[in-house]
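# Per-entry structural report
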Amino acid sequence: IQMTQSPSSLSASVGDRVTITCQASQDISNYVNWYQQRPGKAPKLLLSDASNLEAGVPSRFSGSGSGTDFTFTITSLQREDFATYYCQQYDTLPLTFGGGTKVEIK
Amino acid sequence: QLQLQESGPGLVKPSESLSLTCTVSGGPISSYNYYWAWIRQPPGQGLEWIGHIFFGGSTNYNPSLRSRVTISVDTSNNQFSLSLASVSAADTAIYYCARLTLESLSSGLGTRFDPWGQGTLVTVSS
């Protein structure tokens, strides 16, 4: 299953609302996770099942969607949120990731 | 809490085999709830699932790498390992190990990768 993420990069300011989309090549119900990867670090799981926030993850992060279209939102961008974000599907093997969205400082 | 740490050579010659080990601490690798996975990331690029293993030994591999990949588990040392044969420059990447929540043993499906090791850069070059 191909996961198409957009945009591939964006520039935003602290306090901005940021939205990233991920489109699956077929219906995957809500079987999507979202990860954050800061430079030089391993990815960190933020949301599972499309919209469930992991323990300890700030509530400014949220996700929605089902079927083929998914959205990841940061409601008020903080300095520590500048990173690359990836979606990942677990409907079918092989497990696949989106291409990533790099969120940069404007 | 659970921690994973990759180890192995940082430089491998073309056509040779890449071998990495992931040591799990803070919890047993012999869990019925999890798989143990390898993921890689070429420099500046995205993430690619390589494969995963259950402590009992059953494995699932990415079809794109299946002919060259072997993942094994050593429960006595709480470790699992990756072997990738006949490497080329295209295999240069950061290799991560991670715990994968088990969804179905029969289908081999897992759900989420969490936590991850810090990653280790493997360069393929003569």
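Right, let's walk through the structure included here. Treat the numbers as computed from the prediction; the structure is a model and nothing was measured. (Residues numbered from 1 in each chain as written. Chains lettered and ligands numbered in written order. Predicted model: local features only at pLDDT ≥ 70, side-chain atom pairs only at ≥ 80, totals over all residues. Heavy atoms only, no water.)

Tallying secondary structure elements over chain A gives zero helices and 11 strands in all. In chain A, the succession of helices and strands from N to C terminus is β-β-β-β-β-β-β-β-β-β-β. For chain A, the C-alpha radius of gyration of 13 Å lies close to 13 Å, the compact-globule estimate for 106 residues. Expressed along its principal axes, the backbone C-alpha trace of chain A runs to roughly 35 × 25 × 25 Å. Taken over 106 residues, chain A has a buried fraction of 48%. For chain A, the share of sequence-separated contacts (at least 6 apart) that also reach a separation of at least 24 residues comes to 55%. (Helix = DSSP H or I, 4+ residues; strand = E, 2+ residues; numbered from the N terminus. Rg over C-alpha atoms; globule rule 2.2 N^0.38 Å. Buried < 20%, exposed > 50% of the residue type's maximum accessible area, 1.4 Å probe, protein only. Contact = heavy atoms within 4.5 Å.)

The residue after Ser 6 of chain A, namely Pro 7 of chain A, is reached through a cis peptide bond having omega -5 degrees. The residue Pro 7 of chain A is located in the loop between strand S1 (3–6) and strand S2 (9–12) in this model. Across the junction of Asp 114 of chain B and Pro 115 of chain B, the peptide omega takes the value 0 degrees, indicating a cis bond. Following the sequence through the fold, Pro 115 of chain B ends up in strand S10 (residues 109–116). One non-glycine residue, Asp 49 of chain A, lies in the positive phi region at around 50 degrees. Mapped onto the secondary structure, Asp 49 of chain A falls in the loop between strand S5 (44–48) and strand S6 (52–53). The phi dihedral of Ala 50 of chain A falls on the positive side, at around 75 degrees, and the residue is not glycine. Among the secondary structure elements, Ala 50 of chain A is positioned in the loop between S5 and S6.

All names here are of chain A. Overall, antiparallel pairing links the four strands, which are arranged S1-S3-S8-S7 in an open sheet. Both outer strands of the open sheet, S1 and strand S7 (61–66), are each paired with one neighbouring strand and no more. When the angles between neighbouring strand axes are averaged without regard to direction, this sheet yields 15 degrees. Inspection of the sheet shows S1 paired to strand S3 (residues 18–24) by four bridges, in the antiparallel sense. Across the sheet, Gln 5 pairs through a bridge with Cys 22, a residue of S3. (Pairing = 2+ DSSP bridges. Axes fitted to C-alpha atoms, helices over the stretch in contact; angles between N-to-C directions.)

Turning next to the interface of chain B and chain A. Contact with chain B, which involves 24 residues of that partner, is made by 18 residues of chain A. Summed over both partners, the interface of chain B with chain A buries about 1,600 Å², with 66% contributed by carbon and sulfur atoms. Our count for the chain B to chain A interface comes out at one salt bridge. Of the charged contacts, one joins Glu 54 of chain A and Arg 112 of chain B as a salt bridge, the two residues approaching to 2.6 Å between their closest N and O atoms. Here chain B and chain A share nine residue pairs in polar contact (both at pLDDT 80 or more) between them. The set of elements that each furnish at least two residues to the side of chain B that touches chain A consists of strand S4 (34–41), strand S5 (48–53), strand S9 (93–104) and S10 of chain B. A per-element tally of the side of chain B that touches chain A places S10 of chain B first, with seven residues. Broken down by class, the residue content of the side of chain B that touches chain A amounts to nine nonpolar, 12 polar and three charged. (Buried area = accessible area lost by both parts, 1.4 Å probe. Salt bridge = Lys/Arg side-chain N within 4 Å of Asp/Glu carboxyl O. Polar contact = N/O pair within 3.5 Å; in protein donor to acceptor, adjacent residues only side chain to side chain. Nonpolar A, V, L, I, M, F, W, Y, C, P; charged D, E, K, R; others polar.)

Take the pattern of salt bridges next. Residue and element names in this part refer to chain B. Going through the model one piece at a time under the given rule, you end up with seven salt bridges over all chains. Of the charged contacts, one joins Arg 40 and Glu 48 as a salt bridge, the two residues approaching to 2.8 Å between their closest N and O atoms. You can call Arg 40 buried: its relative accessible area is 7%. Between Asp 91 and Arg 68 there is a salt bridge, with the nearest N and O atoms lying 2.9 Å from each other. Here Asp 91, found in the loop between strand S8 (79–84) and S9, pairs with Arg 68, found in the loop between strand S6 (59–61) and strand S7 (69–74); they are 23 residues apart in sequence, far enough to count as distant. The exposure class assigned to Arg 68 is partly exposed, which follows from its relative accessible area of 21%.

Under the definition given, this model contains 17 aromatic pairs over all chains. Grouping aromatic residues by their ring pairs yields a cluster made of Tyr 35 and Phe 97 of chain A together with Tyr 96, Phe 113 and Trp 116 of chain B. The lysine or arginine in question, Arg 99 of chain B, covers the ring of Tyr 34 of chain B, its NZ or CZ lying 3.9 Å from the ring centre. (Phe/Tyr/Trp six-rings, centres within 6.5 Å; stacked < 30°, edge-to-face > 60°. Lys NZ or Arg CZ within 6 Å of the ring centre and 35° of its normal.)

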